[in-house]
Every structure is written in structure tokens, then in C-alpha cells.
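Take a look at the letters that make up each chain.
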Amino acid sequence: MTDSRKKKGKVVILSGPSGVGKSTICKEIIRRLDRVHLSVSMTTRPKSATEVDGRDYWFVSKKEFQERIDKGLLLEHAKVFGHFYGTPKDKVIESLQEGKIVILEIDVQGAIQAKAVFPDAIMIFILPPSAKTLAERLNHRGRDSADAAEIRLNGASDEIAAAWQHYKHMVINEDLQQAVNECVQIITNKKSDASV
Ligand code: 5GP
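Residues numbered from 1 in each chain as written. Predicted model: local features only at pLDDT ≥ 70, side-chain atom pairs only at ≥ 80, totals over all residues. Heavy atoms only, no water.

Details of the overall build of the protein chain
Right, so step 1: When you go through the protein chain residue by residue, the secondary structure sums to 7 helices and 9 strands.
Right, so step 2: Projected onto the principal axes, the alpha-carbon positions of the protein chain cover approximately 55 × 45 × 30 Å.
Right, so step 3: Counting the 196 residues in the protein chain, one finds 43% classified as buried.
Right, so step 4: In the protein chain, once contacts between residues fewer than 6 apart in sequence are set aside, the share between residues at least 24 apart is 68%. (Helix = DSSP H or I, 4+ residues; strand = E, 2+ residues; numbered from the N terminus. Buried < 20%, exposed > 50% of the residue type's maximum accessible area, 1.4 Å probe, protein only. Contact = heavy atoms within 4.5 Å.)

Let's talk about the side chain of Ser15
Right, so step 1: With respect to the helices, strands and loops of the structure, Ser15 is situated in strand 1 (residues 10-15).
Right, so step 2: On the basis of relative accessibility, which here comes to 0%, the residue Ser15 falls in the buried class.
Right, so step 3: Polar contacts involving the side chain of Ser15 include one to the side chain of Tyr167, which spans 2.7 Å.
Right, so step 4: Beyond its immediate chain neighbours, meaning those up to four positions away, Ser15 contacts Lys22, Ile106, Asp107, Ala111, Ile124, Phe125, Ile126 and Tyr167. (Polar contact = N/O pair within 3.5 Å; in protein donor to acceptor, adjacent residues only side chain to side chain.)

Structural notes on the packing of aromatic side chains
Right, so step 1: Applying the stated criterion across every chain yields a total of 4 aromatic pairs.
Right, so step 2: Measuring from ring centre to ring centre gives 5.8 Å for Phe65 and Phe84, while their planes differ by 35°; the resulting arrangement is tilted. Taken as a pair, Phe65 in helix 2 (residues 62-70) and Phe84 in strand 6 (residues 83-88) lie far apart in primary sequence, 19 residues in all.
Right, so step 3: For Phe65, a relative accessible area of 2% translates into the label buried.
Right, so step 4: Phe84 sits in the partly exposed class, given a relative accessible area of 25%.
Right, so step 5: Chaining the aromatic ring pairs together yields one cluster made of Tyr57, Phe59 and Tyr85. (Phe/Tyr/Trp six-rings, centres within 6.5 Å; stacked < 30°, edge-to-face > 60°.)

Overview of the pairing of strand 7 (residues 101-105)
Right, so step 1: Strand 7 sits mainly inside the fold: 4 of its 5 residues count as buried.
Right, so step 2: Bridge analysis of strand 2 (residues 36-38) against strand 7 gives 3 bridges, and the strand direction is parallel. Each residue of the ladder has a partner; that of Val36, found in strand 7, is Ile101. (Pairing = 2+ DSSP bridges.)

With respect to the packing of helix 5 (residues 131-141) against helix 6 (residues 146-166)
Right, so step 1: Closest axis-to-axis distance for the helix 5/helix 6 pair is 10 Å, and the angle between their directions is 155°. Classified by the interaxial angle, the pair formed by helix 5 and helix 6 is roughly antiparallel. Crossing of helix 5 against helix 6: the hand is right-handed. Note on element contacts: helix 6 touches helix 5 through Ala149, Arg152, Leu153 and Ala156, opposite Leu134, Ala135, Leu138, Asn139 and Arg141.
Right, so step 2: By residue class, the composition of the contact of helix 5 with helix 6 is 6 nonpolar, 1 polar and 2 charged. (Axes fitted to C-alpha atoms, helices over the stretch in contact; angles between N-to-C directions. Parallel < 35°, antiparallel > 145°, perpendicular 65-115°, else oblique. Left-handed = near helix turned anticlockwise from the far one by under 90°. Nonpolar A, V, L, I, M, F, W, Y, C, P; charged D, E, K, R; others polar.)

Here's the deal with the packing of helix 1 (residues 22-32) against helix 7 (residues 176-187)
Right, so step 1: Where helix 1 contacts helix 7, the axes come no closer than 10 Å and their chain directions differ by 60°. Viewed along their axes, helix 1 and helix 7 adopt a mutual orientation that is oblique. In terms of crossing hand, the pair formed by helix 1 and helix 7 is right-handed. Contacts between helix 1 and helix 7 involve Thr24, Ile25, Glu28, Ile29 and Arg32 from the first element and Leu176, Gln177, Ala179, Val180, Asn181, Cys183, Val184 and Ile187 from the second.
Right, so step 2: Split by residue class, the contact of helix 1 with helix 7 holds 8 nonpolar, 3 polar and 2 charged.

Observations concerning the sheet that holds strand 2
Right, so step 1: Pairing within the open sheet is parallel, and its 5 strands lie in the order 2-7-1-8-9. Strand pairing shows two members of the sheet lacking a second neighbour, strand 2 and strand 9 (169-172), which therefore form its edges. Between one strand axis and the next, the sheet turns through 25° on average, direction left out of account.
Right, so step 2: Lying over the sheet, helix 6 contacts strand 8 (122-127) and strand 9, oriented at roughly 150° with respect to strand 8.
Right, so step 3: Each of strand 1, strand 7, strand 8 and strand 9 is contacted by helix 7, which is oriented at about 160° to strand 9, the strand it contacts most.

What follows is the structure, encoded as C-alpha cells:
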């Protein structure tokens, strides 16, 4: 690979249970740092009333999703809460070649795959301050039905248990600004690994 084709940016993998505040943290990171690209995932999950195709996700059918997998166009993909989610490869590669910080907001299964592709990826897992707080946040965000919220809550403890094995950085989102500060420090390497 010639120098000009070498990837210059960095990959940040950010995960956490549903309702923990990942999307809000990502938006704040984008506000605080220059040259950040937040990858827009593809999903077979139905679009909620407040979501916009191409902004929040690329909403596609199962057939279209499978075609992307078959053509090797996804960097990673996983089935989460009964729906498929995946990261389109092209924009990630393009942004890395432009020297950008690329954030992948994905689940633990996908994170393990992405880490295999980008071994230097910075792995951040967002934790809720308590199980009770997570349940309250999930119920109050109003996006999911009661059943869907319960499925997501039940999945949280398994995801958190798996995260301890795979993520170097665990950040508790009790206070949003403090959690964002920690993420920014980790991404910009101002926090030494010894203090994590
Ligand atoms: P939601 O339906 O709440 O937007 O997302 C459900 C879960 O899917 C979250 O844990 C989210 O991080 C994860 N997710 C979103 N996009 C992707 C993706 O491209 N790949 C993988 N593996 N997980 C994703």
C-alpha cells in the first residue's frame, strides 16, 4: 500500500445498552471535536416517527440488507433485538483516508468484528449509573413499546457482561457533560491508559 492510500484517521467504537445515551454523547463529541464522521448504519428495523432515512439510519428491507452482505459492502453486521444492523464500508474507508475520526455506534457483536478489521480502534463502552436509571431512561424516551423496552432492558446485563472482556474504556453516563469529557479525553488521548 502506498503512503497516500494508508489510512490516517482513527476509528472509535462506541457501544452501550439501549437508553444509556450513546446517540446524545456522539452528538456532543461531534460538537466538541473537528473532523469527526459518525457512521450512519444500515438497518432492517422499522423507522420510528422521529427518525430520518439517511440521517439516523439507512432503513432497508431484509433482501437489500442481505444483498449488501453478499457484495461485501458491510464492514460488520449483527442481529440485535430481532433486526439486522450493519456498517457500510465505503464511507468509513473514505473518511479514514481523509484523516477523520470515525465513530461507529454499534453493538458488542459488531464491535468485535470491527476491532478485527481495525485493531487500533478505540473501544468505549457507556454504562448507566444503575439498572434502575437505565429502566427509567428507556421507559421515558418513548420510542419503544413496553414489550420492546423490556426486551432491550433484559439484553442490557448480557451486553454489559460481554463488554468487560472487550472494551478498554468504560464510561459511566451519570452526568452527560462529564461522560462526554471523558470520551473526548480518551479519543484525543489525553487520558493515560493507566488511569482507565
Ligand atoms: P436502535 O434500534 O436502538 O437504534 O439500536 C439497537 C442496537 O443496535 C444498539 O445497541 C446499537 O448500538 C446497535 N447498532 C446500531 N447500528 C449498528 C450497526 O451498524 N452494527 C451493529 N452491529 N450494531 C448497531
